[in-house]
Amino acid sequence: MSSTSENPREQPVRTAALTAIIGAAGGRRAFVDATGTPVTLPPLVRRLVATDEVVGALLRELGAELVGCAGSLDGVETVGADRAPDPRAVAALEPHVIVAGAVDRVHDLADERLVGFLRKVAPVIAVDTGRPAVARADLRALLGTGRAARSAPAPIPDRPPGPPQTRPRLW
């Protein structure tokens, strides 16, 4: 298969395929995050909180339902300082998953004890913020079927329903 010295975090497609494994019990999923920690996820991941602005921006880029972010991100409720979310503020938003950044396989939070407090609120997933392509692949795997269910294209108001037109409407 592969050598033990190979770093799977450097292979975004393979990592995403390995990190989101469908569980047999009630649709729950096991997810291995950037710290190497296995995390059990609910079958549908929609409401997300980011522990910093970088992760929040990545989630927003992928169209995730971001209900809170530590730090300042336009249009998203603030749940504390960047990399220092307030667990009570996070809990009030009732997230399905909390997404944190990681550097060198370690959570990138201002205080390492925050991970334990946040895990009492919802599953905590870490993504490698030093490798944006890997982080995006992991976030796509995290969003899984919840993202696919939400991302149905919105109807175009100027166009009548039916098959697509063969010529674009220019005016």
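Up top you'll find the structure we're talking about.
Quick caveat, the model's predicted, so the values are computed rather than measured.

Focus: the overall build of the protein
Part 1: Each helix and strand counted, the protein has five helices and 10 strands in total.
Part 2: By residue count, 37% of the 171 residues in the protein fall in the buried class.
Part 3: Taking contacts inside the protein between residues at least 6 apart in sequence as the whole, the part at least 24 apart equals 57%.
Part 4: When the accessible surface of the protein is totalled, it reaches about 9,900 Å², and 57% of it is carbon and sulfur.

Points about the environment of Pro85
Part 1: As for its position among the elements, Pro85 is in strand β7 (residues 84–85).
Part 2: Looking at Pro85, the relative accessible area reads 3%, which means it is buried.
Part 3: As for Pro85 and Leu109, which are separated by 24 residues in sequence, their C-alpha atoms are 8.7 Å apart.
Part 4: Sequence-distant contacts of Pro85, defined by excluding residues within four places in its chain, comprise Thr51, Ala70, Val79, Gly80, Val90, Leu109, Leu114 and Leu118.

Digging into the environment of Asp82
Part 1: In this fold, Asp82 is placed in the loop between β6 (80–81) and β7.
Part 2: Among the polar contacts made by the side chain of Asp82, one reaches the main-chain amide nitrogen of Glu53 at a distance of 2.9 Å.

What to know about the pairing of strand β2 (residues 29–32)
Part 1: Side-chain alternation along β2 places Arg29 and Phe31 on a buried face and Ala30 and Val32 on a face that remains uncovered.
Part 2: Connecting β2 to the antiparallel partner strand β3 (residues 38–41) that follows it, the hairpin turn spans five residues, and Gly36 within it adopts a positive phi of roughly 85 degrees.

So, unusual backbone geometry
Part 1: Phi at Arg83 takes a positive value of approximately 70 degrees, unusual for a residue other than glycine.
Part 2: Classification of Arg83 by relative accessible area gives partly exposed; the value is 31%.
Part 3: Phi at Arg105 takes a positive value of approximately 65 degrees, unusual for a residue other than glycine.
Part 4: Relative to the elements of secondary structure, Arg105 occurs in the loop between β8 (97–103) and β9 (106–107).

Here we look at the nonpolar core
Part 1: Ranked by internal contacts, the top residues of the largest apolar core, which has 24 residues, are Leu48, Leu59, Val99 and Leu142.
Part 2: Going through the elements one at a time, β3, β4 (47–50), α2 (53–61), β5 (65–69), β8, β10 (124–128) and α5 (132–150) are the ones with two or more residues in this core.
Part 3: Considering every element that reaches this core, the biggest residue donor is α5, with five residues.
Part 4: What Val99 contacts, discounting residues up to four positions off in sequence, is Leu48, Val49, Ala50, Thr51, Val55, Leu59, Ile125, Val127, Leu139 and Leu142.

Criteria and thresholds
Residues numbered from 1 in each chain as written. Predicted model: local features only at pLDDT ≥ 70, side-chain atom pairs only at ≥ 80, totals over all residues. Heavy atoms only, no water. Helix = DSSP H or I, 4+ residues; strand = E, 2+ residues; numbered from the N terminus. Buried < 20%, exposed > 50% of the residue type's maximum accessible area, 1.4 Å probe, protein only. Contact = heavy atoms within 4.5 Å. Areas by Shrake-Rupley, 256 points an atom, 1.4 Å probe, with all protein chains shown as cover. Polar contact = N/O pair within 3.5 Å; in protein donor to acceptor, adjacent residues only side chain to side chain. Pairing = 2+ DSSP bridges. Core = buried A, V, L, I, M, F, W, Y, C linked by side-chain atoms within 4.5 Å.

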